[in-house]
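# Observations on the model geometry
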Protein chains: 2
Amino acid sequence: MSEVIDPPNTSSSEYEVHPHTKVVRGPKRASYDRELVHGIIDDALICHVGTVVNGRPAMIPTAHWRVNERIYIHGASKNRILASIAEGAEACLCITHLDGLVMARSAFHHSANYRSVVIYGKGEIVDDEEGKMEHSRLFVEKLEPGRWGQIRVPNKQELKATMFLGFDLAEVSAKVRTGDPVDDDEDYDLDVWAGVIPCVTQWQTPIDDTKIKPGFEGKGILSR
Amino acid sequence: MSEVIDPPNTSSSEYEVHPHTKVVRGPKRASYDRELVHGIIDDALICHVGTVVNGRPAMIPTAHWRVNERIYIHGASKNRILASIAEGAEACLCITHLDGLVMARSAFHHSANYRSVVIYGKGEIVDDEEGKMEHSRLFVEKLEPGRWGQIRVPNKQELKATMFLGFDLAEVSAKVRTGDPVDDDEDYDLDVWAGVIPCVTQWQTPIDDTKIKPGFEGKGILSR
């Protein structure tokens, strides 16, 4: 069985705290809980991937998916950021959900409710065709469960043009803020509304391709 | 007048293309249009900021706002990523709007509709009290226009504990994808729905702080 469908797993409910993942600012919001981290990763379709290219920071937004204790991204084999990571440059992946604005009674205590995960590590390239095919499937199935059986799967050329990179969930931390603003005692009497303005990612009615095959109009599935 | 309220401006409608901002992958989606870049920045409340700390990539999500040709962020003065940038480390800021999933007839052509901006540059610290106060105001007013007049403004200690960093919009590029999937000719006849599943950030009814001052219940404003 390919390594890509059998990634490392562990039984501890918490990730180990590394010097690099120890949350220094706002430690009360930090978490190393495995289930929480998995949930934050799985709830998101895109992450931001940063690395160092020729000594300079570089970043791209890209789709991701998770298999047990590994997170995967893909892109054009020639993408310079992915290529740098493939060549051994360390990466940093960040996933962020903005859940609401926290409107306090003082400017200083305005904040956001959010769930975020930061992952550090080197990427491992998936270089066998079987593994690439399996990850194409996992990506499409994350977008819409059941879709893989309906579409044309990648051909050899397409697999060759696509790079898949996996990152172990080892150096990982989460930060979460929820709930009310926390104001200074003396500010609670100020004449101003305070609270949270929540926000969610809202999926809308699917829009048919203008070149939709007759008979498939309006058959788009809203799976989230 | 402080530099922070009179940032650089230029009259050209396009940003200059730098070696670092030349979009190599998917150049047809690239844009250097000033108005487009401004719109993508202003439509978002948070960005991801990356830099290099001790030779390793590091990243945080954080709120941002824009004044003409400069984008600003803020955070705890002791934050190690902000401190690194303040000490001269180059930064990379990325703002991404996911606008929809592009469901194609082949796995390979699945994509996303999105608007993103990437900014490279060194940060300039706002170190005078007047400038910090003005940027506190700009941040709060972006969250909710008119709010600054109702809340307690930052005191000296709070301003001291907060670092504000500005980045010139000079090395900047946008990427935008819109519209239908683009499939290979021979795939259009496949028996599968294809199209776009749009998504938006939906703001919801404000939730009163449990310690709301009597008389202010239900007075939260949904300003976006």
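Residues numbered from 1 in each chain as written. Chains lettered and ligands numbered in written order. Predicted model: local features only at pLDDT ≥ 70, side-chain atom pairs only at ≥ 80, totals over all residues.

## Some points on the overall build of chain A
When helices and strands are counted, chain A shows 4 helices and 11 strands. Counting only C-alpha atoms, chain A reaches 65 × 50 × 40 Å along its principal axes. Taking all 224 residues of chain A together, the buried fraction comes to 39%. Put simply, of all contacts in chain A between residues at least 6 apart along the chain, 71% involve residues at least 24 apart. (Helix = DSSP H or I, 4+ residues; strand = E, 2+ residues; numbered from the N terminus. Buried ≥ 20, exposed ≤ 12 C-beta atoms within 10 Å, placed from the backbone. Contact = placed C-beta atoms within 7 Å.)

## Topic: the relation of the copies chain A and chain B
What relates the pair of chain copies is a rotation about an axis plus a shift along that axis. The operation relating chain A to chain B is a screw motion whose rotation component is 180°, with 0.0 Å of axial translation and a residual RMSD of 0.0 Å. Here the symmetry operator amounts to a two-fold rotation axis. Closest approach to the rotation axis among the C-alpha atoms of chain A is made by Thr201(A), whose C-alpha sits 2.3 Å away. Interface overlap between copies is the fraction of interface residues in one copy that are interface residues in the other; for chain A against chain B it reaches 100%, indicating a shared surface. (Least-squares fit on C-alpha atoms with pLDDT ≥ 70 in both.)

## Concerning the interface of chain A and chain B
In this assembly, 75 residues from chain A lie in contact with 75 residues from chain B. Those elements giving two or more residues to the side of chain A that touches chain B turn out to be β2 (46-53), β3 (56-67), β5 (90-103), β6 (111-122), α3 (129-143), β10 (195-203) and β11 (207-208) of chain A. By residue number, the principal contributor to the side of chain A that touches chain B is β10(A), which donates 9 residues. Classifying every residue of the side of chain A that touches chain B by side-chain character gives 42 nonpolar, 16 polar and 17 charged. When β11(A) meets strand β10 (residues 195-203) of chain B, the two strands line up antiparallel, connected through 2 bridges. Within β10(B), the residue paired with Asp208(A) across the bridge is Gly195(B). (Nonpolar A, V, L, I, M, F, W, Y, C, P; charged D, E, K, R; others polar. Pairing = 2+ DSSP bridges.)

## Some details on the environment of Ile85(A)
All names here are of chain A. Positionally, Ile-85 belongs in helix α2 (residues 80-86). Of the residues examined, Ile-85 has 27 C-beta atoms within 10 Å and is grouped as buried. For Ile-85 and Glu-130, which are 45 residues apart along the polypeptide, the C-alpha to C-alpha distance reads 21 Å.

## Some words on the environment of Asp168(B)
Residues and elements named next belong to chain B. Take Asp-168: it is sitting in strand β8 (residues 162-168). Given 17 C-beta atoms within a 10 Å radius, Asp-168 is considered partly exposed. Taking the C-alpha atoms as reference points, Asp-168 and Thr-210, 42 residues apart in sequence, are found 41 Å from one another.

## Considerations on helix α1 (residues 34-43) of chain A
In an α-helix, one turn spans 3.6 residues; hence positions three or four apart end up facing the same way. Residue and element names in this part refer to chain A. Where α1 is concerned, the buried positions are Val-37, Ile-40 and Ile-41. Looking straight down α1, one finds that the buried residues subtend no more than 95° of arc, so they occupy a single side. Along α1, exposed side chains directed more than 90 degrees from the buried face belong to Glu-35 and Asp-43. Where α1 is buried, its residues meet β3, β4 (70-76), β5, β6 and β9 (171-177). (Arc of directions from axis to C-beta.)

## Focus on the pairing of β8(B)
All names here are of chain B. Extensive coverage of β8 is indicated by the burial of 6 of its 7 residues. Examined bridge by bridge, strand β7 (residues 124-125) and β8 share 2 bridges and lie antiparallel to one another. Among the inter-strand pairings, Glu-124 is bridged to a residue of β8, identified as Gly-166.

## Examining the confidence of the model for chain A
Put simply, chain A has an average pLDDT of 93, and 95% of its residues get 70 or more. As a predicted assembly, this complex carries a pTM of 0.93 together with an ipTM value of 0.92. (pLDDT = per-residue confidence, 0-100.)

## Digging into the nonpolar core
Taken as a class, soluble globular proteins show a tendency for nonpolar side chains to be buried jointly. Grouped together as the largest cluster of nonpolar side chains are 100 residues, with contacts concentrated most on Leu93(A), Val117(A), Ile119(A), Leu93(B), Val117(B) and Ile119(B). Ignoring sequence-local partners within four residues, the contact set of Leu93(A) consists of Cys47(A), Val49(A), Ile71(A), Ile119(A) and Phe167(A). (Core = buried A, V, L, I, M, F, W, Y, C linked by C-beta atoms within 7 Å.)

## Concerning the pairing of strand β6 (residues 111-121) of chain B
Residue and element names in this part refer to chain B. Counting buried residues along β6, 9 of its 11 residues qualify, which places the element largely inside the surrounding structure. Across 11 bridges, strand β5 (residues 91-103) lies against β6 in antiparallel orientation. Considered in β6, the bridge of Leu-101 is made with Ala-112. Two elements, β6 and strand β9 (residues 171-177), share 7 bridges in a ladder whose sense is antiparallel. In the sheet register, Tyr-120 faces β9, and the bridge partner there is Glu-171.

## Points about unusual backbone geometry
A negative phi holds for most residues other than glycine; trans holds for most peptide bonds. With phi around 50°, Asn68(A) is a residue other than glycine that occupies positive phi space. Structurally, Asn68(A) is set in the loop between β3 and β4.

## A short note on the environment of Ser106(A)
With respect to the helices and strands, the residue Ser106(A) is situated in the loop between β5 and β6. Sequence-wise, Ser106(A) and Ala91(A) are 15 residues apart; in three dimensions their C-alpha atoms are separated by 37 Å. In this structure Ser106(A) touches Asp183(A), Asp184(A), Asp187(A), Ile151(B) and Arg152(B), once residues within four positions along its chain are discounted.

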